[in-house]
Amino acid sequence: MVRGRDACWEHCVLVDATRQKVRCNYCHREFSGGVYRMKFHLAQIKNKDIVPCSEVPDDVRDHIQSILNTPKKQKTPKKPKMDKTVANGPQNSSSGSGGIHPNQGSSGQHGSTCPSLLFPRPSPSEQHAVDDASKQKQDDADKKIAVFFFHNSIPFGAAKSMCYQEMVDAIAECGVGYKAPSYEKLRSKLLEKVKGDILDCYKKYRDDWKETGCTVFCNSWSDGKARSFVIFSVTCPKGTLFLKSVDVSGHEDDASYLFELLESVVLEVGLENVIQVITDSTTSYVCAGRHLMAKYSSLFWSPSASYCIDKMLEDISKQDWVGIVLEEAKSIARYIYSHAWILNMTRKFTGGRELMRPKITRFVDNYLTLRSIVIQEDNLKHMFSHSEWLSSIYSRRSDAQTIKSLLYLERFWKSAREAVSVTESLVKILRIVDGDMPAMGYIYEGIERAKGAIKTYYKGIEEKYMPIWDIIDRRWNMQLHSPLHAAAAFLNPSIFYNPNFKIDLRMRNGFQEAMLKMATTEKDKIEITKEHPVYINAQGALGTDFAIMGRTLNAPGDWWASYGYEIPTLQRVAIRILSQPCSFHWCRWNWSTFETIHTKKRNKAELEKLNDLVFVHCNLWLQTICQSRDGKCKPIVFDEIDVSLEWPTELDPSVPLLDDSWLDNLPLECRDSP
């Protein structure tokens, strides 16, 4: 008998048959374990390490939930052969007495009574009525939730929050009669309780910092007029914690003031825990960062890697031929996205693939748009020559004719393919560092790979590849490169032991410089000097079969934790270096939230309460981001990076806290003098 195709396959695709890896059609997340685990993902049911899908349509989610809730059909057991004497016995006895024996209609050796006699199944009509009543209750509940959203102007994006279903499940667990918390309880006791939970998490993070170290983020924002804020947060592989926001209006160009501010946060987190500080790359922050490194020799400072690589792409776009083709690609995308009918038709021909990625930075979006157009070249040409298009009113307009002629211009496609090929590796690096995962061990190799790919594309012709190399080197050498990046590449086993990667003099010197900064005692320096050759030659546990396999299968920090135990001093330094990120660009704060704190005069009690709410709100948002990536560090394989998948920066930013009316009439015990 042929087994029927599972209905879940309509919503996912198989990407690796040997590992049974499937990809969700909605959020593009991949899971091993086949279609069964994908059902829990689509049904938004937490199961072990499965993250619920945030993009699945409601009707699909409900359908998959109904499939999971439907009990499997039990196989019909074979009827046992009955002995003739046993079979005839009850018949004769029954006919003699005229009664019904308890064993009649029983199954099994013990003569248990048939369930169908005691618990008769409802008739189809009765079952239909039960189902209708259940559906009506579900519809009523859905409508009441919708009314609550509409009445209180709650953004629809709140329904994507992981907290949303958790809240509903918790209410259902309480059963009928549950009373929701009151206004007073929400703004007082419950706010304090949730803040307490986050502070408990903070204490756990501090314990992790002792092992992995941490990075302090300093994000800055200005309205271009008089207001400037900075947000401080601290991150490690387990997650990111929001610390505070500070109004620096009038001091944003004062390097001494910013240095003192950075210093106070580093000392609050713990100098022994902080590996690096990442800030913006404006002159005042560069000076403050360098002053910080001069005073505290164990610290590293760096600008955000994503910002610097984005600037590389911006500089490349200033090449005349690149700028022209990017503008032409933007004109194609703008035309398609400016008409709903044309956009829907385009999606039909591209299989639902988007051409534009507006939530990513402008220059990355430009290159990704160009890349999408190159990939969809045949589909776009087919669409503009299809009968459905030719019969539409749009096809006869002059702007449509301009776009169509551009799509059939060979010069455009030649330049487009060249621009995509030249920038693809840089976009991949940006995708790697654009997140809160430890990417420190990959950026040095990524830059070298990008330069190598560009040189190969131009077949080693200097006058063609050197202008692009000069752009990359200018940003990399003058702005971004740090000994920490070189040391991380040196300590990354997937790079160091790779025979195809050349360990150059600059990487070796960067490693030595980083060791001198991180080995804070003479004893540590001696131990690292002794242990260094063991790593170089892959001796002892580092040379076992498992360690060799783990070089590419494990994240670099995990590899050191598993196999570096025979060289503990170098192991500790390696874990602390390789556990750091390179960028805070993914951390998209909603700055209006902080304007709420800093632009209105309040008394002490009100300010404390508002700060508590912002602290809770920001940290819950950061926790959601951490949960969305399972909290796991994974090895990065450069050639497997797919820039077409969702980027961390495309996640919805934190929702602004606009309403502060709840601060009015605080309970007396919360009030204090201003």
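Please read these numbers as outputs of a predicted model, since none were measured by experiment.

S.K.: Sorry, what's going on with the overall build of the chain here?
M.R.: Counting its regular elements, the chain contains 28 helices and 8 strands. By residue count, 44% of the 674 residues in the chain fall in the buried class. Looking at the chain alone, contacts between residues at least 24 apart form 68% of all its contacts between residues at least 6 apart. When the accessible area of the chain is evaluated, it comes to approximately 36,700 Å², of which 55% is carbon and sulfur surface.

S.K.: What should I look at first to understand the sheet that holds strand 1 (residues 12-16) in this one?
M.R.: Remark on secondary structure: sheet strands pair via backbone hydrogen bonds, oriented parallel or antiparallel. If you trace the 3 strands from one edge of the open sheet to the other, you get 1-2-3, paired in antiparallel fashion. The strands lining the two open edges of the sheet, one partner per strand, are strand 1 and strand 3 (30-31). The pairing of strand 2 (residues 21-24) with strand 3 spans 2 bridges and is antiparallel. Residue pairing in the sheet places Arg 23 in a bridge with Glu 30 of strand 3. Here helix 1 (residues 35-42) sits on the sheet and contacts strand 1, strand 2 and strand 3; the angle it forms with strand 2, its principal contact strand, is near 25 degrees.

S.K.: Sorry, what's going on with the packing of helix 8 (residues 255-269) against helix 9 (residues 283-295) here?
M.R.: Two quantities define a packed helix pair, namely the angle between the helix axes and the distance between the axes. It is the contact of helix 8 with helix 9, at a shortest axis distance of 8 Å, that shows an interaxial angle of 50 degrees. As summarised for this structure, helix 8 and helix 9 are arranged oblique, according to the angle between their axes. Regarding helix 8 and helix 9, the two cross each other, and that crossing is right-handed. Contact residues: Ala 255, Leu 258, Phe 259, Leu 262, Glu 263 and Val 266 in helix 8; Ser 284, Tyr 285, Cys 287, Ala 288, Gly 289, His 291, Leu 292 and Lys 295 in helix 9. Residues of the contact of helix 8 with helix 9, tallied by class, amount to 9 nonpolar, 3 polar and 2 charged.

S.K.: So what exactly am I meant to see when it comes to unusual backbone geometry here?
M.R.: For residues other than glycine, phi is negative in most cases, and the peptide bonds are mostly trans. Even without a glycine there, the phi angle at Gln 44 is positive, about 60 degrees. Within the secondary structure layout, Gln 44 lies in the loop between helix 1 and helix 2 (58-69). On the basis of relative accessible area, Gln 44 is assigned to the buried category, the value being 18%.

S.K.: I tried to follow a nonpolar patch on the surface on my own but got confused; where do I start?
M.R.: On the surface, Met 167, Ile 171 and Tyr 178 cluster together into a nonpolar patch covering about 280 Å² of accessible area. With respect to the secondary-structure elements, Tyr 178 resides in the loop between helix 6 (162-174) and helix 7 (183-212).

S.K.: Looking at this structure, I do not really get the environment of Leu 622. What am I missing?
M.R.: Structurally, Leu 622 can be placed in helix 28 (residues 604-628). Classification of Leu 622 as buried rests on a relative accessible area of 3%. Sequence separation between Leu 622 and Gly 239 is 383 residues, and the spatial gap between their C-alpha atoms is 7.6 Å.

S.K.: I tried to follow the nonpolar core on my own but got confused; where do I start?
M.R.: Side chains that are nonpolar tend, in soluble globular proteins, to be buried together. Core analysis: the largest hydrophobic core is formed by 102 residues, its most contacted members being Leu 491, Tyr 535, Trp 560 and Ile 577. Examining the composition of this core, we find that 12 residues originate from one element, helix 17 (residues 410-433), more than from any other. Setting aside chain neighbours within four positions, we find Leu 491 in contact with Phe 511, Met 515, Tyr 535, Trp 560, Leu 570, Ala 574, Ile 577 and Leu 578. Residues Ile 198, Cys 214, Leu 243 and Phe 259 belong to the second largest nonpolar core, which totals 43 residues.

S.K.: Looking at this structure, I do not really get the confidence of the model for the chain. What am I missing?
M.R.: For any part of a model where pLDDT is low, the fine detail of the predicted coordinates should not be relied upon. Mean pLDDT over the chain: 83, with 82% of residues reaching 70 or higher. Per-element mean pLDDT across the chain ranges from 40 in helix 3 (residues 84-97) up to 96 in helix 26 (residues 568-578). In the predicted structure, residues 74-119 sits below a pLDDT of 50 and forms 10 contacts with residues beyond four places in sequence or in another chain. Low pLDDT, under 50, characterises residues 668-674; the predicted model gives this stretch 14 contacts beyond four residues in sequence or across chains.

S.K.: What should I look at first to understand helix 17 in this one?
M.R.: Since one α-helical turn is 3.6 residues long, residues separated by three or four positions face the same way. Between its terminal C-alpha atoms helix 17 stretches 35 Å, which fits the 34 Å expected from 24 residues at 1.5 Å a residue. Of all the bends in helix 17, the largest measures some 45 degrees and sits at Thr 423. Counting buried positions along helix 17 gives 18 out of 24 residues, so the element sits mostly inside the fold.

S.K.: Got a minute to help me understand helix 13 (residues 362-375) in this structure?
M.R.: Along its 14 residues, helix 13 runs 20 Å from first to last C-alpha, staying within 8% of the 20 Å computed at 1.5 Å per residue. Taking burial as the measure, the 14 residues of helix 13 include 12 buried ones, the bulk of the element. Along helix 13, the positions that sit buried rather than exposed are Phe 363, Val 364, Asp 365, Asn 366, Tyr 367, Leu 368, Thr 369, Leu 370, Arg 371, Ser 372, Ile 373 and Val 374. Packing partners of the buried residues in helix 13 comprise helix 10 (305-317), helix 11 (320-337), helix 14 (377-384) and helix 17.

S.K.: What should I look at first to understand the side chain of Glu 377 in this one?
M.R.: Residue position: Glu 377 is located in helix 14. At 3.0 Å, the side chain of Glu 377 and the side chain of Arg 417 are in polar contact. When near neighbours in sequence (up to four residues on either side) are disregarded, Glu 377 contacts Trp 413 and Arg 417.

S.K.: Please explain the packing of aromatic side chains as it appears in this structure.
M.R.: Any aromatic ring pair is given by two values, namely how distant the centres are and how the planes are angled relative to each other. Across all of its chains, the model carries 23 aromatic pairs by this definition. For the ring pair Trp 341 and Trp 389, a centre distance of 6.4 Å and an interplane angle of 25 degrees mean the geometry is stacked. Of this pair, Trp 341 sits in helix 12 (residues 340-350) while Trp 389 is found in helix 15 (residues 387-390), placing the two residues 48 residues apart along the sequence. Judged by its relative accessible area of 33%, Trp 341 is partly exposed. On the numbers, 5.2 Å between centres and 85 degrees between planes, the contact of Phe 496 with Tyr 497 is edge-to-face. The ring of Trp 469 has Lys 451 sitting right over it, with the charged end atom 4.6 Å from the ring centre. Here the guanidinium or amino end of Arg 551 rests over the ring plane of Tyr 497, the centre of that ring lying 3.9 Å away.

S.K.: In this structure, what is going on with the environment of Gly 540? I would like to understand it.
M.R.: Assignment of secondary structure puts Gly 540 in the loop between helix 23 (522-536) and helix 24 (545-553). Sequence separation between Gly 540 and Tyr 565 is 25 residues; the distance between their C-alpha atoms is 9.9 Å.

S.K.: Help me understand the environment of Lys 609, please; the structure alone is not making it clear to me.
M.R.: As for its placement among the helices and strands, Lys 609 is situated in helix 28. Lys 609 sits in the buried class, given a relative accessible area of 8%. In sequence terms Lys 609 and Arg 187 are 422 residues apart; their C-alpha atoms lie 8.4 Å from each other.

S.K.: How should I be thinking about the sheet that holds strand 5 (residues 228-236) in this particular structure?
M.R.: With mixed pairing, 5 strands are arranged side by side in an open sheet as 6-5-4-7-8. Every other strand in the sheet has two partners, leaving strand 6 (239-247) and strand 8 (300-303) as the edge strands with one partner each. Ignoring strand direction, the axes of neighbouring strands in this sheet form an average angle of 20 degrees. Bridging between strand 4 (residues 214-222) and strand 5 involves 8 bridges; their strand directions are antiparallel. Paired with Cys 218 across the strands is Phe 232, a residue of strand 5. Docked against the sheet, helix 7 engages strand 4, strand 5 and strand 6, running at close to 110 degrees with respect to strand 6.

S.K.: Whenever I open this one, the packing of helix 22 (residues 505-518) against helix 26 confuses me. Can you help?
M.R.: Close contact between helix 22 and helix 26 brings their axes to 11 Å; oriented N to C, the two are set at 105 degrees. In terms of their interaxial angle, helix 22 and helix 26 are classed as roughly perpendicular. For the pair helix 22 and helix 26, contact is made by Phe 511, Met 515 and Met 518 and by Leu 570, Val 573, Arg 576 and Ile 577, respectively.

Conventions and cut-offs
Residues numbered from 1 in each chain as written. Predicted model: local features only at pLDDT ≥ 70, side-chain atom pairs only at ≥ 80, totals over all residues. Heavy atoms only, no water. Helix = DSSP H or I, 4+ residues; strand = E, 2+ residues; numbered from the N terminus. Buried < 20%, exposed > 50% of the residue type's maximum accessible area, 1.4 Å probe, protein only. Contact = heavy atoms within 4.5 Å. Areas by Shrake-Rupley, 256 points an atom, 1.4 Å probe, with all protein chains shown as cover. Pairing = 2+ DSSP bridges. Axes fitted to C-alpha atoms, helices over the stretch in contact; angles between N-to-C directions. Parallel < 35°, antiparallel > 145°, perpendicular 65-115°, else oblique. Left-handed = near helix turned anticlockwise from the far one by under 90°. Nonpolar A, V, L, I, M, F, W, Y, C, P; charged D, E, K, R; others polar. Patch = residues over 30% accessible without salt bridge, like charges linked within 9 Å, V, L, I, M, F, W, Y side chains within 5 Å. Salt bridge = Lys/Arg side-chain N within 4 Å of Asp/Glu carboxyl O. Core = buried A, V, L, I, M, F, W, Y, C linked by side-chain atoms within 4.5 Å. pLDDT = per-residue confidence, 0-100. Expected span 1.5 Å × (residues − 1). Bend = angle between axes of the 7 residues up to and from the residue. Polar contact = N/O pair within 3.5 Å; in protein donor to acceptor, adjacent residues only side chain to side chain. Phe/Tyr/Trp six-rings, centres within 6.5 Å; stacked < 30°, edge-to-face > 60°. Lys NZ or Arg CZ within 6 Å of the ring centre and 35° of its normal.

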